Amino acid sequence: MTTMRVIVFQEHGFWYAQGLEHDICVRGKNLDELQRRYKVAVQLESQAEGGVERIAQAPQKFFDMWASKSGGFTPETDPSVPFEFGMAA
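Residues numbered from 1 in each chain as written. Predicted model: local features only at pLDDT ≥ 70, side-chain atom pairs only at ≥ 80, totals over all residues. Heavy atoms only, no water.

## Some details on unusual backbone geometry
Its identity is not glycine, yet histidine 12 carries a phi of approximately 55°, on the positive side. By the secondary structure assignment, histidine 12 is in the loop between strand E1 (4-11) and strand E2 (14-19). According to the relative accessible area criterion, histidine 12 is exposed, its value standing at 69%. (Helix = DSSP H or I, 4+ residues; strand = E, 2+ residues; numbered from the N terminus. Buried < 20%, exposed > 50% of the residue type's maximum accessible area, 1.4 Å probe, protein only.)

## Some remarks on the pairing of E1
Judged from the five bridges that link them, E1 and strand E5 (residues 83-87) form a sheet pairing that is parallel. In the sheet register, arginine 5 faces E5, and the bridge partner there is glutamate 84. Pairing geometry for E1 and E2, over six bridges, is antiparallel. If you follow valine 6 over to E2, its bridge partner there is glycine 19. Linking E1 to E2, which pair antiparallel, is a turn of two residues; within it histidine 12 sits at a positive phi near 55°. (Pairing = 2+ DSSP bridges.)

Written as structure tokens, this is what we have:
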């Protein structure tokens, strides 16, 4: 699996992870939970007919968030995940 870019942001007390190349989004209470949920969502979508390639890219606003991201992170629970996480400002 190639590396997927994921923009992470907080809204209404929850963290969100939104994929850019594939419009997959999850919500979590903290960054570790968010990373685990995103990994599971991608695994499940990969098992469906056509895999994640059948899922269109995210709306432009998330690419804009990525362009102005304030940094990134590697989850401590699993640093080997194939995702590049960027933190929205």
